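Below, each chain spelled out in residue letters.
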Amino acid sequence: MRTFGLLLALVLVLVAPAAAGAADGTSRGRGLFFSGCAECHGADLTGVQADPSRRGADGKVPAGPPLLGVGELAADFYLRTGYMPLDDPEEQPRRSKPSYSERDLRALVRFVASFGGPRTPQVDLARGRTSAGLKLFVENCAGCHQVVGAGGYLTGAEAVPLDQATARQIAQAVRIGPYVMPRFSERQISDRELDSLVRYVLYTQDPRDSGGWSLEHLGPVSEGIVAWLVAGAALLLVARAIGERIR
Amino acid sequence: MKWLWSALALLLGRGRREAVAPSAVERPRIVPRQESSPRAELAVLALLALASLAAIGFIVVYVVDRLPAQTQLLGLTLALAFAFLSAALLVTARRLVPVEEISEPYPEPEHSAEADEVVQILDESGERMTRRGLLKVAAAGAGATLGAALIVPAASLGPVAYPDALRRSPWRRGLRLVDSKGRPIRSGDVEGKGLYTAFPQGVSHEELGSPLVVVRVEGQRLDLPEGRDPDLWAPEGIVAYSKICTHAGCAVSLYRTPLYEPTSKSPALVCPCHYSTFDPATGGGVLFGPAGRPLPQLPLEVDDDGTLRAGGDFSEPVGPSWWGVRRG
């Protein structure tokens, strides 16, 4: 009888989650979520408030926003950029190698998306125009990311460089507003405008440097200063060489 | 090209003239004879030829117009042409132009009597002017007015003559907020994590007082200065500030808006020039940076259909601060 009870319990433990997950194909993602994400985002995806009494061995207090309704959009972005999982909730997430294999990543995204939420906007680069993208970028993004997409600083945070962002990730970031970046609604930047914007950002990753020496794209002022210093020094030397008196 | 050919012609011509010269009448030399240097001449010729080649290269690159690194090649060929030319001039100056140093003592003044005469002439010439005083005054007047004409534009540097102009803005009660494309902004458009730039409808975007940043602040965070009724200054939590930084007048285009506030920095408007950081929840107060006063806030009204309108003019003068900005 006891053996039967144990067996029944074992079967229930094994089958119940599988059955629950099998219906929407999220069991694998559920497992990964519980082991990797739930500490900070909560087992029911409702988020975790920072509680100093739960300080871990490494001195960090788990805390995180709710993930209900963030959808495929945010899950895909955060996992593929390696922003999540984050070692220290107080830190700004940084781009790194994704922590999950492609298969696990898809499973996790499917699990988070099963609670509903927005999808990644479809980007069609062929429909975008780089020049229109430049205009949008200057208006909305260049304040922080600089017109060449090299990134910059805010007080207390960093605007990330865009040199490694993929087309999907650029579009996702515009709609999510990761970390301290503002979110841009479809009214501000429509999906068609997003095509142009993404096209421009991809252009900044491999721009045509017609001058030859880009100086890390510091900008025209610094380039001008270098040109004057180099050319001015050369001219001075030549003028001195020509005008030097012979003794 | 012209100068190249003329330089070449000059050089060739020089050699030829020297060959002809000896048949002329023998006169004592002025410039002492110095050794000719065929090797230096050859070097100059070679350098000039190279300069010509590089210049021709420039023209070819320019005309072909289909090369992958055209800009770089244009720069390279032109730079080479100038470099060779300067090298040619250098060799010419050092090896071909006769060099001689002459120094003589200053001569004694030769005509001291005539010098006295000149002084006398000057003295007597002045006698023709009878109204000397008046002429002097007139000349001084012309000088002074001309000086004033040069100084007066300095008034544009500050609000000395017309202090009111800096205190006015185009915003009036009832003026609609529109985006950069001229579409009216509704309160529903302003989402929690977005940064919106707005302008007064029908007014130039170029005016200093025109651009606004519009953001939404959560109700419990809102802590406006005394005397600013939240219903008038932050209807539905929407606040509007001048987009012009009160420090140096840059556009406040950075919005630090945390996705999850407990673990990141609080929301703030940041100016990209010198990182002045303003708190949208407390009436634009300075959190950090060189700005000396808060961002000017604009009171707002929400229409029945949700359109945002100005509720009046800014709380304080717009734009970079100047001496006396706080004086009413």
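Below, the structure is looked at part by part. (Residues numbered from 1 in each chain as written. Chains lettered and ligands numbered in written order. Predicted model: local features only at pLDDT ≥ 70, side-chain atom pairs only at ≥ 80, totals over all residues.)

Some points on the pairing of strand 4 (residues 238-242) of chain B
All names here are of chain B. Summarising burial for strand 4: 5 of the 5 residues are buried, a large majority. The side-chain alternation of strand 4 yields two buried faces, one formed by Ile238, Ala240 and Ser242 and the other by Val239 and Tyr241. With 5 bridges joining them, strand 3 (residues 212-216) and strand 4 adopt antiparallel strand pairing. Residue pairing in the sheet places Leu212 in a bridge with Ser242 of strand 4. Bridge count for strand 4 against strand 9 (residues 297-298) is 2 bridges, and the pairing is antiparallel. By the bridge assignment, Tyr241 is partnered in strand 9 with Gln297. (Buried ≥ 20, exposed ≤ 12 C-beta atoms within 10 Å, placed from the backbone. Helix = DSSP H or I, 4+ residues; strand = E, 2+ residues; numbered from the N terminus. Pairing = 2+ DSSP bridges.)

Some points on the pairing of strand 2 (residues 196-200) of chain B
All names here are of chain B. Across the 5 residues of strand 2, 5 count as buried, placing the element largely inside the fold. What you see with strand 2 is no split at all: Tyr196, Ala198 and Pro200 on one side and Thr197 and Phe199 on the other are buried throughout. Sheet topology note: the strand 2/strand 3 ladder contains 3 bridges and is antiparallel. Residue Ala198 lies in a different strand from strand 3, and its bridge partner there is Leu212.

A look at the sheet that holds strand 8 (residues 285-288) of chain B
Residue and element names in this part refer to chain B. As summarised here, the arrangement of the 4 strands in space is 5-6-7-8, forming an open sheet in which the pairing is antiparallel. Whereas interior strands pair on both sides, the edge strands pair on one side only; in this sheet they are strand 5 (254-256) and strand 8. Going across the sheet, the axis of each strand differs from the next one's by a mean of 35°, ignoring polarity. In this sheet, strand 6 (residues 268-270) lies alongside strand 5 in antiparallel orientation, the contact comprising 3 bridges. Its bridge partner lying in strand 6, Tyr255 is registered against Leu269. (Axes fitted to C-alpha atoms, helices over the stretch in contact; angles between N-to-C directions.)

Some words on the interface of chain B and chain A
Residue-level contacts link 32 residues of chain B with 30 residues of chain A. Those elements that provide at least two residues to the side of chain B that touches chain A are helix 3 (70-96), strand 5 and strand 6 of chain B. Tallied by class, residues from the side of chain B that touches chain A come to 16 nonpolar, 10 polar and 6 charged. (Contact = placed C-beta atoms within 7 Å. Nonpolar A, V, L, I, M, F, W, Y, C, P; charged D, E, K, R; others polar.)

Some remarks on the environment of Leu287(B)
All names here are of chain B. Position of Leu287 among the secondary structure elements: in strand 8. Classification of Leu287 as partly exposed rests on a count of 19 C-beta atoms within 10 Å. Distance in space between the C-alpha atoms of Leu287 and Leu269 is 9.5 Å, their sequence separation being 18 residues. Once residues within four sequence positions are removed from consideration, Leu287 is found in contact with Ala268, Thr277, Phe278 and Asp279.

Quick notes on the nonpolar core
Counting 85 residues, the largest nonpolar core has Ala75(A), Val201(A), Val214(B) and Leu269(B) as the members making the most contacts within it. With 10 residues, the next largest nonpolar core counts Leu48(B), Ala51(B), Phe84(B) and Leu85(B) among its residues. (Core = buried A, V, L, I, M, F, W, Y, C linked by C-beta atoms within 7 Å.)

Notes on the environment of Cys40(A)
All names here are of chain A. Looking at where Cys40 falls in the secondary structure, it is placed in helix 3 (residues 38-41). Among the residues examined, Cys40 registers 21 C-beta atoms within 10 Å and is labelled buried. Through-space distance from the C-alpha of Cys40 to that of Ala63 is 4.7 Å; in sequence the pair is 23 residues apart. If we ignore the near neighbours within four places in the chain, the residues touching Cys40 are Val48, Pro62, Ala63, Gly64 and Pro89.

Re the packing of helix 4 (residues 71-80) of chain A against helix 5 (residues 102-113) of chain A
Residue and element names in this part refer to chain A. Relative to each other, helix 4 and helix 5 sit at 150°, their axes nearing to 8 Å. On the basis of their axis angle, the class for helix 4 and helix 5 is roughly antiparallel. Here helix 4 runs over helix 5; the crossing is right-handed. Only Leu105, Leu108, Val109, Val112 and Ala113 of helix 5 make contact with helix 4, whose side of the interface consists of Gly71, Glu72, Ala75, Asp76, Leu79 and Arg80. Tallied by class, the residues present in the contact of helix 4 with helix 5 amount to 7 nonpolar, 1 polar and 3 charged. (Parallel < 35°, antiparallel > 145°, perpendicular 65-115°, else oblique. Left-handed = near helix turned anticlockwise from the far one by under 90°.)

These results come straight from atomic positions and should not be treated as a statement about function.
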